[in-house]
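One letter stands for each residue in the lines below.
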Amino acid sequence: MKPRVGIPRALLYYNYFPMWEAFFKELGAEVVLSDLTNKKILDDGVNCSVDDACLPIKVFHGHIINLKDRVDYLFVPRLISVERNEYICPKFCGLPDMVLNSVRELPTVIDCTINLRNSYSSLRKAVLDVGRLFTSDYRRIYMAYRKAAQNLKFFEELMENGATPLEAMRGCHSAKGEYRYPIGLIGHPYNIYDNYVSMRIIDKLRDRGINVITQDMICSTELDRIARGFSKPMFWSFGKRIMAASRYLIDERQARGIIYLVAFGCGLDALVGDLVERRIRKRGIPFCLLTIDEHTGEAGIDTRLEAFVDMLEWGGAKECL
Ligand code: SF4
């Protein structure tokens, strides 16, 4: 029987799942996903994680509980840096420890460390360490990694052509429609693309004829070019992408407004949100900051979204909501 590797449908699932899936499948494993986020997953996550964790970390714990009794391994990588000279949120560094200390009776946790800040050597080590759990054939591990990298490239190209991660995972290019004007939707991928957490914000905007552009739909080289023009280098990879995307959307895509979806309790969003909002205010572009947590009601989000869209359509008032 094939070993079953569980991958939680949370956090960086929206950035890397096609790569992880290909890697494990090429090594002969069966990949098992947790269910789509639902009330039980959220409640389980809230109940077992530490109080001051942000919403996405709580949701991640809920997905671990949803998966743990169905798999032989749980994939919870320890991510420190995913780009040269940059870091990601410290919560990702401690994620395997948080899970191991908060959830009981876990299967083997694959907690390889990825730190690309100075070099790619930790990636090579992680690939080999994880690969050796399934085979002693180094060539097979290498080929699995190559296939995984190809899948990631294809997935990112689909997103840069306008697909959300979920559409790209299905191999779709993007939801085609008769859109009337573009608006930017920025925020962490695990907030904006998880339909339960975001309350289907993308679908709701598209239903109103709006072309939703997220930071993942913008070519990475464009974002890097804009980031090089920041007055100071931004060393948080997520924050850099969000800030660069907000500038690109205003200056080069003529977005009629910007919505920033933030998770309550996120330190990075608190800082970046303020920087983004100040710049957008100066340009007189309508801006809407939507904060979500485990108590957020859908009716409240819908009301604010509708008010924002109505304002854009009534002539683009320059006030922020
Ligand atoms: S960046 Fe913010 S939302 Fe994401 S894991 Fe860190 S604290 Fe949570």
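Scoring rules and cut-offs
Within each chain, residues carry numbers counting from 1 in the order of the written sequence. Only residues with pLDDT of at least 70 are given local features in this predicted model, and only at 80 or more are side-chain atom pairs given and counted; all residues enter the totals for whole chains, interfaces and linings. Heavy atoms throughout the structure, all of them, feed into the side-chain values; hydrogens and water do not. What counts as a helix is a DSSP run of H or I of at least four residues, what counts as a strand is a run of E of at least two, and both are numbered from the N terminus. To get the radius of gyration, use the C-alpha atoms; to get the globule rule, take the number of residues to the power 0.38 and multiply by 2.2 Å. We call two residues contacting when some pair of their heavy atoms lies within 4.5 Å. The salt bridge criterion pairs a side-chain nitrogen of Lys or Arg with a carboxyl oxygen of Asp or Glu, the two atoms within 4 Å. Residue ranges labeled as domains rest on an automatic or database domain assignment. Two parts lose some accessible area (1.4 Å probe) when they are put together, and adding that loss for both gives the buried area. Two strands are said to pair when DSSP picks up at least two bridges between them. Helix axes are fitted to C-alpha atoms over the stretch in contact, other axes to C-alpha atoms as well, and angles between N-to-C directions run from 0 to 180 degrees. With respect to orientation, any angle under 35 degrees is reported as roughly parallel, any angle over 145 as roughly antiparallel, any angle of 65 to 115 as roughly perpendicular, and every other angle as oblique. Residue polarity is assigned by list, with Asp, Glu, Lys and Arg as charged and Ala, Val, Leu, Ile, Met, Phe, Trp, Tyr, Cys and Pro as nonpolar; anything else, Gly included, falls into the polar class. When accessible area is computed with a 1.4 Å probe and restricted to protein chains, residues below 20% of their type maximum are described as buried, those above 50% as exposed, and intermediate ones as partly exposed. If you view a crossover with the strands going away from you and the path from the first strand over the helix to the second runs clockwise, you call it right-handed. We define proximity as follows: a residue is near a molecule or strand when any one of its heavy atoms falls within 4 Å of that partner.

1. Quick word on the overall build of the protein
Secondary structure summary: the protein contains 14 helices and 10 strands in total. Here the C-alpha radius of gyration of the protein, 20 Å, is about what a compact globule of 321 residues would show, namely 20 Å. Summarising its shape, the C-alpha atoms of the protein cover approximately 65 × 40 × 35 Å along the three principal directions. Here the contacts in the protein between residues at least 6 apart in sequence split such that 71% fall between residues at least 24 apart.

2. Regarding the pattern of salt bridges
The final tally for this structure, using the stated rule, is 28 salt bridges. Linking Arg 70 and Asp 35 is a salt bridge whose minimum nitrogen-to-oxygen distance equals 3.7 Å. Of this pair, Arg 70 sits in the loop between helix H3 (55-67) and strand E3 (73-75) while Asp 35 sits in the loop between strand E2 (30-33) and helix H2 (39-48), placing them 35 residues apart in sequence. A salt bridge links Asp 44 to Lys 40; the shortest N-O distance between them is 2.7 Å. Placement of the pair is Asp 44 and Lys 40 together in helix H2, with a separation of four residues, close to one helical turn. Among the ionic contacts, a cluster of salt bridges with common partners joins Glu 83, Glu 86, Asp 224 and Lys 240.

3. Notes on the domain arrangement of the protein
By the assigned domains, the protein splits into domain 1 (4-159) and domain 2 (177-313). Taking only C-alpha atoms, the centre of domain 1 and the centre of domain 2 are 25 Å apart. Facing the 26 residues of domain 1 at the interface are 21 residues of domain 2. Summing both sides of the interface, domain 1 and domain 2 together bury roughly 2,000 Å²; the carbon and sulfur share of this comes to 64%. Of all residues in domain 1, Tyr 14, Leu 55 and Met 159 give up the largest surface area on contact with domain 2, accounting jointly for 27% of the area buried on that side. At the junction of domain 1 with domain 2, the criterion picks out three salt bridges. Across the pair Glu 294 and Lys 58 runs a salt bridge, and its minimum N-O distance is 2.9 Å. Within the residue set of the side of domain 1 that touches domain 2, elements represented by two or more residues are helix H1 (13-26), H2, H3 and helix H4 (90-93). Sorting elements by how many residues they give to the side of domain 1 that touches domain 2 places H3 first, with four residues.

4. A few points about the environment of Leu 11
Here Leu 11 shows up in the loop between strand E1 (4-7) and H1. Not counting the four nearest positions on each side in its chain, Leu 11 is found in contact with Pro 56, Ile 57, Phe 60, Phe 92, Leu 95 and Tyr 190.

5. Examining the sheet that holds strand E9 (residues 258-263)
With parallel pairing, four strands are arranged side by side in an open sheet as E8-E7-E9-E10. Each edge of the open sheet is held by one strand with a lone partner, namely strand E8 (210-214) and strand E10 (287-292). Taking the axes of each pair of neighbouring strands and ignoring which way they run, one obtains an average angle of 25° across the sheet. Here strand E7 (residues 181-187) pairs with E8 via five bridges, running parallel. Paired with Pro 182 across the strands is Asn 211, a residue of E8. Along the sheet, helix H12 (residues 237-251) makes contact with E7, E8 and E9, crossing E7 at roughly 170°.

6. Some thoughts on the packing of helix H11 (residues 220-227) against H12
Axis separation between H11 and H12 bottoms out at 9 Å; the angle between their running directions is 90°. With respect to H12, the axis of H11 lies roughly perpendicular. From H11, Ser 220, Glu 222, Leu 223, Asp 224, Ile 226 and Ala 227 reach across to H12, where they touch Lys 240, Arg 241, Ala 244, Ala 245, Arg 247 and Tyr 248. Within the contact of H11 with H12, the residues separate by chemical class into six nonpolar, one polar and five charged.

7. Notes on the pairing of E9
As a general feature of sheets, a regular strand has side chains that alternate between the two faces. Counting buried positions along E9 gives six out of six residues, so the element sits mostly inside the fold. As defined by bridge partners, E7 adjoins E9 across four bridges and the pair is classed as parallel. Each residue of the ladder has a partner; that of Leu 185, found in E9, is Ile 259. The pairing of E9 with E10 spans six bridges and is parallel. Looking at the pairing, Ile 258 lines up with Phe 287 of E10. Taken together, E9, helix H13 (residues 267-283) and E10 constitute a β-α-β crossover, and its handedness is right-handed.

8. Some thoughts on the site of the ligand
As a matter of local geometry, the ligand sits amid Cys 54, Pro 56, Cys 89, Lys 91, Phe 92, His 188, Tyr 190 and Cys 266. For the shell around the ligand, the residue count by class is six nonpolar, one polar and one charged. Counting contributing residues per domain, the shell around the ligand is built from domain 1 (4-159) and domain 2 (177-313), each supplying no fewer than three.

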